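Structural overview for review
What follows is the residue order along each chain.
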Amino acid sequence: MSTSCLTESKRPHASAAVLAELDAGLRATSACISPKFLYDALGSRLFEAICELPEYYPTRTEATIFERHGAEMARAIGAGATLIDLGAGNCAKAARLFPLLHPSQYVAIDISADFLRESIERLQQRFPHIEMTGLGLDFSTALELPDTVRQQKRLFFYPGSSIGNFAPEQARAFLRRARAECDDDGGLLIGIDLVKDSATLDAAYDDALGVTAAFNLNMLRHINHLAGADFDVRQWRHSGAYNGAEQRIEMHLEAREALSVRWHGGERAFARGERIHTENSYKYRQSDAVGLLEQGGFQATRVWTDAAGWFAVIHARAIAD
């Protein structure tokens, strides 16, 4: 019997494709892990907590825009849409729109399938008259909807400026995939964080209470489970700051000391201070955001912002082929 086989506690739980993706990122010259791996069940709950923090302006600012302009959005969109919620999480943002949009079907999509299942079950009890479907899938690289999702009047709902997790060229490709999944009567309702002062941005991604740090560090626990890795969370610290030249927040995990990490099929030594890049959050000027959507196949019809111009919610229609 081989003495190098993994113990049960270190056995990987991910597919071969996910293991290959993690292996490539951890072996890269500058180590990186996709932000989608922030969202296991605990990570999703930690992100819910982040949204309650005073420093984290995006959630409350976007919520204010929906509260003040929701009726206008509903008139622009029209009733009876097939509402497709990308990165649905606890489904709360979409649920607030149900009384205004009166969707014919609600399709919640999230990478954390267990968390999503619980959210859908609770939501269905509140809105039994709306047909609901939950899809646990990674839409960051592919977006193919099953036949159970109605084709008519598909409206992709992508709030929270999650589009900022993609580099601009990746964002354009993602939008084109969404455009390919809807007919000419389809559309998009999207939240996009706008450029602002760096002090506000830094505080939002490195809060005083340390919830964002816990959220970022939890990724290591998730990778331990997925890839049979042996990350020790205590050996790492969170870093989050705005890079003005790139117009993005960058989140990293930094080694507190020289250490070595093993995972299924690989091993790497990290020097003290060496980092793993875990997330970007790009910020846009309003005109650039509108241009990005157009390059992705959607024509903006209305743009709503808060009084300070910190955040934008944009409704866009599919550009006819």
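Residues numbered from 1 in each chain as written. Predicted model: local features only at pLDDT ≥ 70, side-chain atom pairs only at ≥ 80, totals over all residues. Heavy atoms only, no water.

1. Observations regarding the sheet that holds strand β4 (residues 154-158)
The pairing of strands in a sheet comes from backbone hydrogen bonds and takes either a parallel or an antiparallel form. Strand order in the open sheet made by the seven strands is β3-β2-β1-β4-β5-β12-β11, with mixed pairing throughout. Two strands bound the open sheet, and with one partner strand each, they are β3 (131-136) and β11 (298-305). The sheet shows a mean angle of 20° between the axes of neighbouring strands, taken without regard to direction. The pairing of β4 with strand β5 (residues 187-193) spans four bridges and is classified as parallel. (Pairing = 2+ DSSP bridges. Helix = DSSP H or I, 4+ residues; strand = E, 2+ residues; numbered from the N terminus. Axes fitted to C-alpha atoms, helices over the stretch in contact; angles between N-to-C directions.)

2. Looking at the layout of surface pockets
Within this model, the second largest pocket holds a volume of roughly 320 Å³. In terms of lining, the second largest pocket is formed by 18 residues, of which the most central are Tyr 39, Ile 111, Ser 112, His 222 and Leu 226. Among the secondary structure elements, those contributing two or more residues to the lining of the second largest pocket are α1 (16-27), α5 (113-126) and α8 (211-227). Among the elements that line the lining of the second largest pocket, the one with the most residues is α1, at three residues. Of the residues belonging to the lining of the second largest pocket, the class tally is nine nonpolar, four polar and five charged. (1 Å grid on protein atoms, 1.4 Å probe; cavity = no way out; pocket = protein on both sides within 12 Å on 5 of 7 lines; lining within 4 Å. Points joined across faces, edges and corners; volume = space filled by probe spheres on them. Nonpolar A, V, L, I, M, F, W, Y, C, P; charged D, E, K, R; others polar.)

3. Section: helix α3 (residues 57-77)
Taking 1.5 Å per residue, 21 residues should reach 30 Å; α3 reaches only 26 Å between its end C-alpha atoms and comes up short. Looking one or two residues past α3, Gly 78 carries a phi angle of roughly 85°, positive in sign. (Expected span 1.5 Å × (residues − 1).)

4. Here's the deal with the packing of aromatic side chains
Per the counting criterion, the structure on display carries 15 aromatic pairs. Plain terms: the ring middles of Tyr 56 and Tyr 205 are 6.0 Å apart, the flat faces sit at 70° to each other, and that makes the pair edge-to-face. Here Tyr 56 is found in the loop between α2 (41-50) and α3, whereas its partner Tyr 205 is found in the loop between α7 (198-204) and α8, with 149 residues between them in sequence. There is no split in this pair, since Tyr 56 and Tyr 205 are both buried. Pairing Phe 98 with Phe 127 gives two aromatic rings, centres 4.9 Å apart and planes at 85°, and the pair type is edge-to-face. Remark: Phe 127 occurs in the loop between α5 and β3 and Phe 98 occurs in helix α4 (residues 92-101); sequence separation between them is 29 residues. (Phe/Tyr/Trp six-rings, centres within 6.5 Å; stacked < 30°, edge-to-face > 60°. Buried < 20%, exposed > 50% of the residue type's maximum accessible area, 1.4 Å probe, protein only.)

5. A closer look at the packing of α3 against α4
One way to put it is that α3 packs onto α4 with a least axis distance of 9 Å and a crossing angle of 40°. Both α3 and α4 take part in a crossing whose hand is right-handed. For the pair formed by α3 and α4, the contact residues are Glu 62, Phe 66, Gly 70, Ala 71, Ala 74 and Ile 77 on the first element and Lys 93, Leu 97, Leu 100 and Leu 101 on the second. Partitioning the contact of α3 with α4 into residue classes produces seven nonpolar, one polar and two charged. (Left-handed = near helix turned anticlockwise from the far one by under 90°. Contact = heavy atoms within 4.5 Å.)

6. Describing the domain arrangement of the chain
You can read the domains of the chain as domain 1 (16-53 + 204-282) and domain 2 (58-196 + 284-318). Taken together, the contact between domain 1 and domain 2 spans 17 residues of the former and 19 residues of the latter. When domain 1 packs against domain 2, close to 1500 Å² is buried across both sides, 47% of that on carbon and sulfur atoms. Of all residues in domain 1, Lys 36, Gln 247 and Tyr 282 give up the largest surface area on contact with domain 2, accounting jointly for 40% of the area buried on that side. Where domain 1 meets domain 2, there are two salt bridges. Its salt-bridge partner being Arg 45, residue Glu 118 comes within 2.9 Å of it at the nearest N-O pair. The interface formed by domain 1 and domain 2 includes eight residue pairs in polar contact (both at pLDDT 80 or more). Elements represented by at least two residues in the side of domain 1 that touches domain 2 include exactly α2 and β10 (275-282). Along the lines of polarity and charge, the residues of the side of domain 1 that touches domain 2 split into eight nonpolar, four polar and five charged. (Domains from an automatic or database assignment. Buried area = accessible area lost by both parts, 1.4 Å probe. Salt bridge = Lys/Arg side-chain N within 4 Å of Asp/Glu carboxyl O. Polar contact = N/O pair within 3.5 Å; in protein donor to acceptor, adjacent residues only side chain to side chain.)

7. So, the pattern of salt bridges
Enumeration according to the criterion identifies 19 salt bridges in this entry. Residue Lys 93 pairs with Glu 62 through a salt bridge whose shortest N-O separation is 3.0 Å. In this pair, Lys 93 is assigned in helix α4 and Glu 62 in helix α3, connecting sequence segments 31 residues apart. Under the relative-accessibility criterion, Lys 93 is labelled partly exposed at 25%. The class of Glu 62 is buried, set by a relative accessible area of 1%. Among the ionic pairs, Glu 254 bridges to Arg 275, the shortest N-O distance being 3.1 Å. Note that Glu 254 is positioned in strand β7 (residues 248-255) and Arg 275 in strand β10, a separation of 21 residues in sequence. We classify Arg 275 as partly exposed; its relative accessible area is 36%. Among the charged side chains, a network of salt bridges with common partners joins Glu 21, Lys 36 and Asp 138.

8. Overview of the nonpolar core
Membership of the largest hydrophobic core comes to 38 residues, with the highest contact counts inside it found for Ile 33, Ile 223, Phe 231, Trp 236, Phe 270 and Ile 276. Looking at this core element by element, the count peaks at eight residues for α8. Beyond its immediate sequence surroundings of up to four residues, Ile 33 is in contact with Leu 22, Leu 26, Met 219, Ile 223, Ile 276, His 277 and Thr 278. Ranked by size, the runner-up nonpolar core spans 34 residues in total, among them Val 149, Ile 163, Ile 192 and Phe 298. (Core = buried A, V, L, I, M, F, W, Y, C linked by side-chain atoms within 4.5 Å.)

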